[in-house]
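# Breakdown of the fold
Given next are the chains, with one letter for each unit.
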Amino acid sequence: MRIFKNLLITGGSGFIGANFIHYLFEKTDFSGNIINVDCLTYAGNPNNLTEIAEKHGNTRYFFFKENVQNYEAIEKIFTQFEIDCLIHFAAESHVDRSIFGPKDFIETNIVGTFNLLEIARKVWGSREDVLFHHISTDEVYGSLGETGFFYENTAYDPRSPYSSSKAASDHLVSAYFHTYKLPVTISNCSNNYGAYQFPEKLIPLMILNILEGKPLPIYGDGKYIRDWLFVDDHCSAIWETVKRGKTGETYNVGGENEWENIKLVNYLCERVAFFTEKDPNEVKKLITYVKDRPGHDRRYAINCDKIKNELNWRQSLDFETGLDETIKWYLNNKEWIENVRSGDYLKWIDKNYTER
Ligand code: NAD
Ligand code: TYD
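Criteria and thresholds
Residues numbered from 1 in each chain as written. Chains lettered and ligands numbered in written order. Predicted model: local features only at pLDDT ≥ 70, side-chain atom pairs only at ≥ 80, totals over all residues. Heavy atoms only, no water. Near = heavy atom within 4 Å. Polar contact = N/O pair within 3.5 Å; in protein donor to acceptor, adjacent residues only side chain to side chain. Areas by Shrake-Rupley, 256 points an atom, 1.4 Å probe, with all protein chains shown as cover. Pairing = 2+ DSSP bridges. Helix = DSSP H or I, 4+ residues; strand = E, 2+ residues; numbered from the N terminus. Axes fitted to C-alpha atoms, helices over the stretch in contact; angles between N-to-C directions. Contact = heavy atoms within 4.5 Å. Patch = residues over 30% accessible without salt bridge, like charges linked within 9 Å, V, L, I, M, F, W, Y side chains within 5 Å. Salt bridge = Lys/Arg side-chain N within 4 Å of Asp/Glu carboxyl O. Buried < 20%, exposed > 50% of the residue type's maximum accessible area, 1.4 Å probe, protein only. Core = buried A, V, L, I, M, F, W, Y, C linked by side-chain atoms within 4.5 Å. Expected span 1.5 Å × (residues − 1). Bend = angle between axes of the 7 residues up to and from the residue.

### Points about the site of ligand 2
Taken together, 19 residues sit near ligand 2, with E139, P217, R226, R293 and H296 positioned nearest. The contact in question runs from a nitrogen atom of ligand 2 to an N or O atom on the backbone of P217, over 2.7 Å. A distance of 2.5 Å separates an oxygen atom of ligand 2 from a polar atom in the side chain of R293. Its free accessible area being 510 Å², ligand 2 has 98% of it covered by the protein chains.

What follows is the structure, encoded as structure tokens:
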């Protein structure tokens, strides 16, 4: 088992990165330091880590507002903190946004990853007691028909600027392992949901729109299928891979939990109505079919036997319980929502939907 002292987490102020930092401090026996490097785009939110900063700030938790493309700044942090493990979450992560403006996706997801690999290669040299763990997505595998699953050896076939940029970064990480012997691992996970998710993604967007009585936009016929995993279970998969994953290997992570979008949104209407004592049939009237997303992938489904068999990873929560927890989190965190709602980015989303 690998034991690390100083973890550099990129994108730690975003949805999964922040949950991962909470997970390390609150649910593991990790006793080292965490250095979070995040340039705080619209999706990065320091409020996701308020309690961590209060409790561990400048003792075991350190934050740097920095872009992963800044070679000098990150090399300095790498050296100053004697980083022995990098866990790379930072990315532009929203497919719709990648369709409207792909440039940031190329710069952060591809050039940013390349930059970090170069720093790791230079600072770590030929060390074997270090690790570069890259967080990726099942979207790199493309789109499935009605049957079948994505396996670790499924050929890459990305369709959106987002998934193409993630695919490129995965290939670079893999190339650094084969070419320079940089110790790397990669995890490709299905759709996550949970606390702190920015309300541009399906589940939090629908929860907030239901609470505000706004239309619930369903793209196309609504029969697109995603596999959903509770974010804490993704965090435990990442941590198991970091500790015990085989160097140079990819691990698929998924919820074995496929839902048609329209079925999921109907279910969310029922659960939010339940918690807020509304009439579910009235809430469902908010469902509005809108123009489809261009190049919309029909179905994602992950086979995660490898991480289950080799690392003994298991998800801990069933979807219905996880969704209830998530709805309750959004209901109990009005200040977080107000803060996020006041930013310009959600205005961009509202405008985008009006124009659809
Ligand atoms: P997110 O958009 O919520 O957070 C991304 C974070 O990265 C933000 O804090 C942002 O400020 C930061 N960031 C962006 N560009 C940066 C840059 N150039 N320099 C430094 N920081 C930068 O994303 P997320 O949903 O938390 O996803 C995290 C990772 O997990 C991504 O790599 C994504 O591709 C991957 N992933 C996400 C999902 C999902 O369902 N959300 C599923 C599988 C994999
Ligand atoms: P999303 O959360 O954007 O994740 P991804 O595209 O990375 O899978 O979308 C999940 C699914 O929900 C996807 O099929 C697109 C669809 N969707 C809608 O129908 N309406 C929406 O408003 C959003 C954001 C997504």
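### Regarding the sheet that holds strand β9 (residues 225–230)
The three strands are arranged β7-β9-β11 in an open sheet whose pairing can be described as mixed. Where the open sheet ends on each side, the last strands, each with one partner, are β7 (191–193) and β11 (258–260). Between one strand axis and the next, the sheet turns through 50 degrees on average, direction left out of account. Pairing between β9 and β11: three bridges, direction antiparallel. Each residue of the ladder has a partner; that of R226, found in β11, is W259. Across the sheet, helix α9 (residues 261–276) touches β9 and β11, and the angle it forms with β11 is around 85 degrees.

### Quick notes on a nonpolar patch on the surface
Together, I106, V111 and F114 make up an exposed nonpolar region whose accessible area comes to about 230 Å². Inspection of the secondary structure assignment puts I106 in helix α5 (residues 103–124). A residue is classified by how much of its surface remains accessible, and I106, at 38% relative accessible area, is partly exposed.

### Observations concerning the environment of F25
Tracing the sequence through the fold places F25 in helix α1 (residues 15–27). Considered as a pair, F25 and R60 are 35 residues apart in the sequence and their alpha carbons are 9.6 Å apart. The contacts of F25, once residues within four sequence positions are left out, are I34, I52, H56, R60 and Y61.

### Structural notes on the nonpolar core
Judged by nonpolar contacts, the single largest core of 35 residues is most densely connected at I203, I207, L216, L264, L268, F319 and L323. Broken down by secondary-structure element, the contributors of at least two residues to this core are α7 (202–212), β8 (216–219), β9, α9, α12 (319–332) and α13 (334–341). Among the elements that make up this core, the one with the highest residue count is α9 (eight residues). Setting aside anything within four residues of it in sequence, one finds L323 in contact with Y193, I203, L264, Y267 and L268.

### Structural notes on α5
Taking 1.5 Å per residue as the helical rise, α5 with its 22 residues ought to reach 32 Å, and the 30 Å between its terminal C-alpha atoms agrees with that figure. Along its length, α5 reaches its greatest deviation from straightness, about 30 degrees, at G112. Regarding α5, the residues found buried are F105, T108, N109, G112, T113, N115, L116, L117, I119, A120 and W124. Following α5 by one or two positions, G125 adopts a phi angle in the positive range, close to 55 degrees.

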